[in-house]
Amino acid sequence: MPLNGEVLDVNTENVLNALDSTVVVIDDGGNIAYLNSAGEQFFGGSLVQLRGHPIGDLLPSDSPLLTLVRQVQNTGSGVSDYGLTLDTPRIAKQLVNVQVTPLVDNPGFAILSIFERSIADKIDRQLTHRNAARSITAMAAMLAHEVKNPLSGIRGAAQLLEQGVNAEDQQLTRLICDETDRICALVDRMEVFSDQRPLERSPVNAHKVLERVRQIAQNGFARSIRISESYDPSLPHIDGNHDQLVQIFLNLVKNAAEAVDPSNGEIVLKTAYQHSVRFAVPGSNSRTHLPLVISVQDNGDGIPADLQDHLFEAFVTSKPKGSGLGLALVAKMIDDHGGVIEFDSQPGKTIFRVILPMSTEVPE
Ligand SMILES: Nc1ncnc2c1ncn2[C@@H]1O[C@H](COP(=O)(O)OP(=O)(O)OP(=O)(O)O)[C@@H](O)[C@H]1O
Ligand SMILES: [Mg+2]
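Our subject in this report is the structure included herewith.

### What about the overall build of the chain?
Reasoning step 1: Counting its regular elements, the chain contains 10 helices and 14 strands.
Reasoning step 2: Within the chain, buried positions represent 23% of all 364 residues.

Set out below in structure tokens:
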């Protein structure tokens, strides 16, 4: 280390030769004045052979690199360019970043530095599409991490509050605890969005699910919207997963609430038993009986026509802040239940119908 202004005695040529990237000095006549070791390898010729030769011998006459070099020679200020493709008889096709800087003591001289882009960088470009799909899974993992930790804090705080509030408000703190538990369970489920584990099923009371959804909606996003119900009191239990069913109908009710005019918005939750409808099971000859129909109807403007064909795909949204994940998640969860979702939409009346299998077990 140099001490107090002592000049460090190093051989600058050794320094240049130790670099991984190519360094070429071009004189004011456009000829090669110097080339480091990486440059000898890059261009496939030694300094002794190439010194004094026009840089144009190494690069095609239309190469954007030559334009950059000329620009720097004329203006005296440096430029950089990223992601250039170099393709010459001497050099196999390469993706590079380049930097051209003027040599201050020698007017008209330019230093050309070439940095090869890494293999990973190149592959990255080709895989952008596949990565987009994979990133959904990555996002699920991120959510698991970023959502679950704060949730345990929220839950703890709600438990503390519970001790000091009256009975009416205790309902709300219980709601916070129950819902944070539900979100945790769901984030766990999202984390394994791609994994095909069988669903944990039990007999689920559809009306309890809908009441829970209604309670959450009316305490939050649907505070000013009328939610009415039309239930079949003798409806058998669903063969399903309670937490996922809450998530399904919460998404549908949220979409409905976002679609209606807050001043006269109305949402109708309806359940019905249908005897005779059977659905073909994809990939087999059997037909499955799906007798439970649970629908969410709203009086909003309807689903935009251009979205209808792709409604259940991820990232399809008409909302400025929407993620377009709601219905994709709904479709996946209904699919896991062996159920079906369909919709009818016209201005003033949009219905999402979820058709689900019935439980044959006697509920606990
Ligand atoms: N009840 C409805 N009425 C009108 N349009 C709807 C209704 N439900 C869904 N849509 C349309 O379908 C789109 C996709 O819905 P989805 O729930 O998948 O995503 P999102 O609501 O936009 O965003 P996110 O649910 O992730 O917050 C919505 O942006 C909206 O245009
Ligand atoms: Mg939504």
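### Structural notes on the nonpolar core
Nonpolar side chains in soluble globular proteins generally cluster together in the buried interior.
Reasoning step 1: Grouped together as the largest cluster of nonpolar side chains are 35 residues, with contacts concentrated most on Val213, Phe249 and Val253.
Reasoning step 2: Every element with two or more residues in this core is listed here: helix 8 (206–218), helix 9 (242–259), strand 9 (266–273), strand 12 (292–298), helix 10 (326–336) and strand 14 (349–356).
Reasoning step 3: At nine residues, the largest contribution of residues to this core is made by helix 9.
Reasoning step 4: Once residues lying within four places of it in the same chain are set aside, the contact partners of Val253 are Val213, Ala217, Ala222, Ile267 and Val296.
Reasoning step 5: With 22 residues, the next largest nonpolar core counts Leu35, Leu50, Val72 and Val96 among its residues.

### Things to note about the site of ligand 1
Reasoning step 1: Near ligand 1, the surroundings consist of 23 residues, among which Ala259, Thr317, Gly322, Gly326 and Leu327 are the closest.
Reasoning step 2: Looking at the shell around ligand 1, the elements that each hand over two or more residues are helix 9 and helix 10.
Reasoning step 3: No other element matches helix 9, which puts four residues into the shell around ligand 1.

### What about the pairing of strand 1 (residues 22–26)?
Reasoning step 1: The alternating pattern of strand 1 places Thr22, Val24 and Ile26 on a buried face and Val23 and Val25 on a face that is not buried.
Reasoning step 2: Sheet topology note: the strand 1/strand 5 (residues 110–116) ladder contains five bridges and is antiparallel. Directly across from Ile26, in strand 5, lies its bridge partner Ala110.
Reasoning step 3: Here strand 1 pairs with strand 2 (residues 32–35) via three bridges, running antiparallel. If you follow Val25 over to strand 2, its bridge partner there is Tyr34.
Reasoning step 4: Here strand 1 folds back onto strand 2 in antiparallel fashion, the turn holding five residues, of which Gly30 has a positive phi close to 85°.

### Notes on the sheet that holds strand 5
Reasoning step 1: On the basis of which strands lie adjacent, the open sheet formed by five strands has the order 2-1-5-4-3 and antiparallel pairing. A strand with exactly one partner marks an edge of an open sheet, and here the two such strands are strand 2 and strand 3 (79–86). This sheet shows a mean twist of 25° between the axes of neighbouring strands, independent of strand direction.
Reasoning step 2: Strand direction decides the pairing type here: strand 3 and strand 4 (residues 94–102), joined by six bridges, are antiparallel. In the strand pairing of strand 4, Ser80 is matched with Gln99.

### Some words on the packing of helix 9 against helix 10
Reasoning step 1: For the pair helix 9 and helix 10, interaxial distance at closest approach is 9 Å and the crossing angle is 145°. Helix-helix and strand crossings are classified by hand; for helix 9 and helix 10 the assignment is left-handed. Across from Gln244, Gln247, Ile248, Asn251, Leu252, Lys254 and Asn255 in helix 9, the residues of helix 10 making contact are Gly326, Leu327, Leu329, Val330, Met333 and Ile334.
Reasoning step 2: Residues belonging to the contact of helix 9 with helix 10 are distributed by class as follows: seven nonpolar, five polar and one charged.

Parameters at a glance
Residues numbered from 1 in each chain as written. Chains lettered and ligands numbered in written order. Predicted model: local features only at pLDDT ≥ 70, side-chain atom pairs only at ≥ 80, totals over all residues. Helix = DSSP H or I, 4+ residues; strand = E, 2+ residues; numbered from the N terminus. Buried ≥ 20, exposed ≤ 12 C-beta atoms within 10 Å, placed from the backbone. Core = buried A, V, L, I, M, F, W, Y, C linked by C-beta atoms within 7 Å. Contact = placed C-beta atoms within 7 Å. Near = placed C-beta within 6 Å. Pairing = 2+ DSSP bridges. Axes fitted to C-alpha atoms, helices over the stretch in contact; angles between N-to-C directions. Left-handed = near helix turned anticlockwise from the far one by under 90°. Nonpolar A, V, L, I, M, F, W, Y, C, P; charged D, E, K, R; others polar.

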